[in-house]
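# Coordinates in review
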Amino acid sequence: DIIIDYQDIIVTDHNKYSIEEIQELATGILLTGGIQEPLVVGRVDDGAGNGYRLISGHRRLRAIGILVGEGNEEYKKVPCRYKDMTETQFRMELLCGNTFNRKMSDYDLMIQAQEWKDVLTQARKEKLIILDEGKRIRDYVAGILGESTGKIGQLNAINANATQEVKEKLQTGEMGITSAYAASQLDPESQKKVVSRIESGEDVRSEEINASNRQKKQRAGRKNWIQMTNKTRKKSNHQVRRNRYGK
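Attention here is on the structure that accompanies the text. (Residues numbered from 1 in each chain as written. Predicted model: local features only at pLDDT ≥ 70, side-chain atom pairs only at ≥ 80, totals over all residues. Heavy atoms only, no water.)

### What to know about the environment of Ser 148
Mapped onto the elements of the fold, Ser 148 is located in the loop between helix H5 (137-145) and helix H6 (149-161). Sequence-wise, Ser 148 and Arg 138 are 10 residues apart; in three dimensions their C-alpha atoms are separated by 9.4 Å. (Helix = DSSP H or I, 4+ residues; strand = E, 2+ residues; numbered from the N terminus.)

Okay, here's the thing in structure tokens:
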């Protein structure tokens, strides 16, 4: 174990999850005279001398920052446990802490699914893990998060295709995974309209979004069919004229 100044502990941008009730935690730390469990940090060998990166204890570190900001300088030095590790090992450790030690919202689950997909893909390249025969990265992500592969596919689609406005509605709980996934299948302008309806107080359900999307696809398919038919007719008429006039 080591003691580190709280300002020297690096919080990476890999930690994108919701952090709540920090003020209450700060009060609890003040009443008990300090944090009860050391923070967990990783000393990453990346050649850049980036110091200690936080793996576990994001809420506690944020609470310590509040206390120091209020003049409680005695909390600046924080007890920590550390491990030496690679960048990929650090990300896996960070994800394990976030996955198994906290309650996740739908938005958090979306972030987790993408993070696990990215880190497992990299770990596979570095031969840190070997997939079982017939297994995909998605299967492992589903197993880690305790979700179906279908749901993981929906979360990946939301993260890849939904507009920022739709993701924000998922984050605030105004849209669930099913509705956000349905919206992510729409073009950006249609997604914007769905968000506007939600903001106006409408209860927009996934079934309605899916029905609208099917209608648009049907109209697009009908338009493509008409265009193909017209091209075929023009080609056929041209061939008839060539046969008739020998040209």
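### Let's talk about the sheet that holds strand S1 (residues 2-5)
Across the sheet, which stays open at both edges, the five strands sit in the order S1-S5-S3-S4-S2 with mixed pairing between neighbours. With partners counted over all chains shown, the strands left at the sheet margins are S1 and strand S2 (9-10), one partner each. Of the pairings in the sheet, the one linking S1 to strand S5 (residues 77-85) comprises four bridges and is antiparallel in character. In the sheet register, Ile 4 faces S5, and the bridge partner there is Val 78. Here helix H3 (residues 87-100) sits on the sheet and contacts strand S3 (39-44), strand S4 (52-56) and S5; the angle it forms with S4, its principal contact strand, is near 30°. (Pairing = 2+ DSSP bridges. Contact = heavy atoms within 4.5 Å. Axes fitted to C-alpha atoms, helices over the stretch in contact; angles between N-to-C directions.)

### Quick word on the packing of aromatic side chains
With the rule as written, the count across this model stands at one aromatic pair. Here the aromatic rings of Tyr 52 and Tyr 82 are separated by 5.7 Å at their centres, their planes lie at 80°, and the arrangement is edge-to-face. Of this pair, Tyr 52 sits in strand S4 while Tyr 82 sits in strand S5, placing them 30 residues apart in sequence. Of the residues examined, Tyr 82 reaches a relative accessible area of 33% and is grouped as partly exposed. Cation over ring: Arg 53 sits above Phe 90, and NZ or CZ is 5.3 Å from the ring centre. (Phe/Tyr/Trp six-rings, centres within 6.5 Å; stacked < 30°, edge-to-face > 60°. Buried < 20%, exposed > 50% of the residue type's maximum accessible area, 1.4 Å probe, protein only. Lys NZ or Arg CZ within 6 Å of the ring centre and 35° of its normal.)

### Description of the side chain of Arg 53
For Arg 53, the location among the structural elements is in strand S4. There is a polar contact of 2.6 Å between the side chain of Arg 53 and the side chain of Glu 87. (Polar contact = N/O pair within 3.5 Å; in protein donor to acceptor, adjacent residues only side chain to side chain.)

### Examining the pairing of S4
Pairing geometry for S2 and S4, over two bridges, is parallel. From the neighbouring strand, Ile 9 faces S4, where its bridge partner is Tyr 52. Two elements, S3 and S4, share four bridges in a ladder whose sense is antiparallel. Bridged to Gly 42 within S4 is Arg 53.

### Brief notes about the environment of Ile 29
Tracing the chain through its elements places Ile 29 in helix H1 (residues 22-32). Using a relative accessible area of 5% as the deciding quantity, one classes Ile 29 as buried. Once you skip the residues sitting within four places of it in the chain, Ile 29 turns out to touch Gly 34, Ile 35, Arg 60, Ala 63, Ile 64, Leu 67 and Tyr 75.

### Re the packing of H6 against helix H8 (residues 177-184)
Their axes nearest at 9 Å, the elements H6 and H8 cross at an angle of 50°. Between H6 and H8, the angle is such that the two are oblique. Crossing geometry of H6 relative to H8 is assigned as left-handed. Here Lys 151, Gln 154, Leu 155, Ala 157, Ile 158 and Asn 161 of H6 come into contact with H8, specifically with Ile 177, Ala 180, Tyr 181 and Ser 184. Across the contact of H6 with H8, the residue classes tally to six nonpolar, three polar and one charged. (Parallel < 35°, antiparallel > 145°, perpendicular 65-115°, else oblique. Left-handed = near helix turned anticlockwise from the far one by under 90°. Nonpolar A, V, L, I, M, F, W, Y, C, P; charged D, E, K, R; others polar.)

The values are spatial; any link to function lies outside them.
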